[in-house]
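Secondary and tertiary structure notes
Here's the letter readout for the chains.
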Amino acid sequence: MRPNHLRQKLNAGEPTIGTHILSSWPTLVELIGDAENYDYVEFTAEYAPFTMHDLDNLGRAFELKNLAGMIKVEQKQYAHQAMRAIGSGFQSVLFADIRTVADAELCVAAVRAETPGTGGRLGVGMRRDVGTVLEGGSPAYVDALNEVVIAIMVEKRECVEDLEAILSIPGIDMVQFGSSDYSMSLGLTGQRSHPDVVKAERKTIETALKLGKHPRVELADISDAKPYLEMGVKHFCIGWDVRILYNWWRTNGTGMRAMLTGEAAVAPAPQPVKTGTY
């Protein structure tokens, strides 16, 4: 069974850096690995089209570049998507749209082995993570499932209101605040800098640290990291492949168009700034 490097980093109290991809093209994982600065890649499957074959191919790329793989899964698909991703070689799962203690317990059960004392629901499988026929049903397989890193999104009003109880569920490792969803759940859609949203983010980070969990922050621009570092955050997931491409195409397309027409470059029209977390 492949070592879970993200788990090892968390256990050692070391900082981690991840990045997001919505594309299922495994070559992007190889390029991220070649950049030599990332501990894991989050495939944000909640927003992206993919097949079971895509998960296997991403799993191969993680192994090739010695990267941990995280998948973000959507509500109502927790058990199925988590199971298939782990079977493909992902070693961390980020669960979206958590509202209650029962939701959090479901997330933990979705990745743990069904053995006494774990509360897990996963049985034996013939998938990539066990070499298809090599380690299925072995003690090493059970150990690997117990090492899967469980991360949850704190992005709903109900979750923030019952945050300490939810984060006290055994098995939860990482916590990510989602300002976009949270502002919407308050009826403040798009107001990610509203005082109530900022207050909830701080509460999430402080509660996670108090309970020995690992708060993670998503950043589009690393210049925004300082206040989080001062709060004690050591885990960041930076950049999205689609946003990186969009920003490059818009900026350079505007400049090239100006060069061709002989006109002074006109700054692109202001776009809604997506500075918050999803």
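Residues numbered from 1 in each chain as written. Predicted model: local features only at pLDDT ≥ 70, side-chain atom pairs only at ≥ 80, totals over all residues. Heavy atoms only, no water.

What about the packing of aromatic side chains?
Going by this rule: Only the six-membered ring of Trp is used, alongside the rings of Phe and Tyr, when aromatic pairs are assigned; centres must lie within 6.5 Å, and planes under 30 degrees apart are stacked while those over 60 apart are edge-to-face, with the rest tilted. Each helix is a run of DSSP H or I of at least 4 residues and each strand a run of E of at least 2, with the numbering of both proceeding from the N terminus. Accessible area is worked out with a 1.4 Å probe on protein chains only. A residue is then buried under 20% of its type maximum, exposed over 50%, and partly exposed in between.
Applying the stated rule across the entire model yields four aromatic pairs. Between Tyr-78 and Phe-95, the ring centres sit 5.3 Å apart and the planes meet at 90 degrees, which makes this aromatic pair edge-to-face. Here the residue Tyr-78 occupies a position in helix α4 (residues 78–88), and Phe-95 occupies one in strand β4 (residues 92–95), the gap between them amounting to 17 residues. Like Phe-95, Tyr-78 is buried.

Some points on the nonpolar core
Heads up, the rule is: Note on terminology: a nonpolar core comprises buried Ala, Val, Leu, Ile, Met, Phe, Trp, Tyr and Cys residues joined through side-chain atoms within 4.5 Å. Working rule for contacts: check all heavy atoms of both residues, and any pair within 4.5 Å makes them a contact.
Phe-43, Ile-71, Val-93, Phe-95 and Ile-98 are the most contacted members of the largest nonpolar core, which has 52 residues in total. Sorting elements by how many residues they give to this core places helix α5 (residues 101–111) first, with five residues. Excluding anything up to four places from it in sequence, Phe-43 contacts Ile-21, Leu-22, Ser-23, Ser-24, Ala-48, Phe-50, Leu-55, Leu-58, Met-70, Ile-71, Lys-72 and Phe-90. Formed by 12 residues, the second largest nonpolar core is a distinct cluster that contains Leu-6, Ala-68, Met-70 and Ala-151.

Concerning the pattern of salt bridges
Operational definition: Each reported salt bridge corresponds to a side-chain nitrogen of Lys or Arg within 4 Å of a carboxyl oxygen of Asp or Glu.
Scanning all chains against the criterion turns up 14 salt bridges. Ionic pairing is found between Glu-158 and Arg-157, a salt bridge with its closest N-O pair at 3.9 Å. On the basis of relative accessible area, Glu-158 is assigned to the partly exposed category, the value being 31%. Two residues, Glu-206 and Arg-202, come together in a salt bridge whose shortest N-O distance is 3.3 Å. Note that Glu-206 and Arg-202 are positioned in helix α10 (residues 195–210) at a spacing of four residues, about one turn of the helix. According to the relative accessible area criterion, Glu-206 is partly exposed, its value standing at 43%. Three or more residues are tied together by salt bridges with common partners; here these are Lys-9, Glu-14 and Asp-39.

Points about the UniProt feature "domain: HpcH/HpaI aldolase/citrate lyase" (unreviewed entry) in the chain
We apply this condition: UniProt positions are given in the numbering used here, feature names are shortened, and annotations may be inferred rather than shown by experiment.
Here, the residues flagged by UniProt with the feature "domain: HpcH/HpaI aldolase/citrate lyase" (unreviewed entry) are residues 70–243. Secondary structure over residues 70–243 splits into 42% helix and 17% strand, and the C-alpha atoms at its two ends are 19 Å apart.

Observations regarding the packing of α4 against α5
Here is the rule we go by: Helix axes use the C-alpha atoms of the stretch in contact, all axes being lines fitted to C-alpha atoms, and the angles between their N-to-C directions lie in the range 0 to 180 degrees. Helix crossings get a hand from a simple test, with the near helix turned counterclockwise from the far one by less than a right angle marking a left-handed crossing and a clockwise turn marking a right-handed one. Three categories are distinguished: nonpolar for Ala, Val, Leu, Ile, Met, Phe, Trp, Tyr, Cys and Pro, charged for Asp, Glu, Lys and Arg, and polar for the others, with Gly belonging to the last.
The interhelical angle for the contact between α4 and α5, taken along N-to-C directions, is 30 degrees, at an axis separation of 9 Å. Relative to α5, the crossing made by α4 is right-handed. Of the residues in α5, those touching α4 at Tyr-78, Ala-79, Ala-82 and Ile-86 are Leu-106, Cys-107, Ala-110 and Val-111. A class-by-class count of the residues in the contact of α4 with α5 yields eight nonpolar, no polar and no charged.

Things to note about a nonpolar patch on the surface
Applicable threshold: Within the patch definition used here, like charges are joined within 9 Å and nonpolar side chains (Val, Leu, Ile, Met, Phe, Trp, Tyr) within 5 Å, considering only residues with over 30% relative accessible area and no salt bridge. Values of accessible area rely on a 1.4 Å probe in the Shrake-Rupley scheme; residue burial ignores everything except the protein chains shown.
Where nonpolar side chains cluster on the molecular surface, the patch consists of Met-126, Val-133 and Leu-134 and spans about 390 Å² of accessible area. Exposure remark for Val-133: the relative accessible area of 61% places this residue in the exposed category.

Side note on the side chain of Arg-7
Mapping Arg-7 onto the fold places it in helix α1 (residues 5–11). Leave out the neighbours within four places in its chain, and Arg-7 touches Arg-112, Asn-146, Glu-147, Val-148, Val-149 and Asp-173.

What about α10?
Selection rule: To estimate the expected span of a helix, count its residues, drop one, and scale the result by 1.5 Å.
Taking 1.5 Å of rise per residue, the 16 residues of α10 would be expected to cover 22 Å, and the 22 Å separating its terminal C-alpha atoms lies within 8% of that figure. Those residues of α10 not exposed but buried are Val-197, Ala-200, Glu-201, Thr-204, Ile-205, Thr-207 and Ala-208. Just beyond α10, the residue with positive phi is Gly-212, at close to 80 degrees.

What about the packing of helix α2 (residues 26–34) against helix α3 (residues 52–64)?
Basically, it comes down to this: Any angle from 65 to 115 degrees is called roughly perpendicular, while one under 35 is roughly parallel, one over 145 is roughly antiparallel, and all others are oblique.
It is at 8 Å that the axes of α2 and α3 come closest, and there the two elements cross at 15 degrees. In this view, α2 runs roughly parallel relative to α3, as classed from their interaxial angle. For the element pair α2 and α3, the recorded crossing hand is right-handed. On α3, the residues touching Pro-26, Val-29 and Glu-30 of α2 are Asn-57, Leu-58, Ala-61, Phe-62 and Leu-64. The residue inventory of the contact of α2 with α3, partitioned by class, reads six nonpolar, one polar and one charged.

Re the pairing of strand β6 (residues 174–177)
Worth spelling out the cut-off: Two strands pair under a simple rule: DSSP has to find at least two bridges between them.
By the alternation rule, side chains of β6 split into Met-174 and Gln-176 and Val-175 and Phe-177, which are all buried. Pairing of strand β5 (residues 149–154) with β6, which is carried by four bridges, proceeds in the parallel orientation. Considered in β6, the bridge of Ala-151 is made with Met-174.

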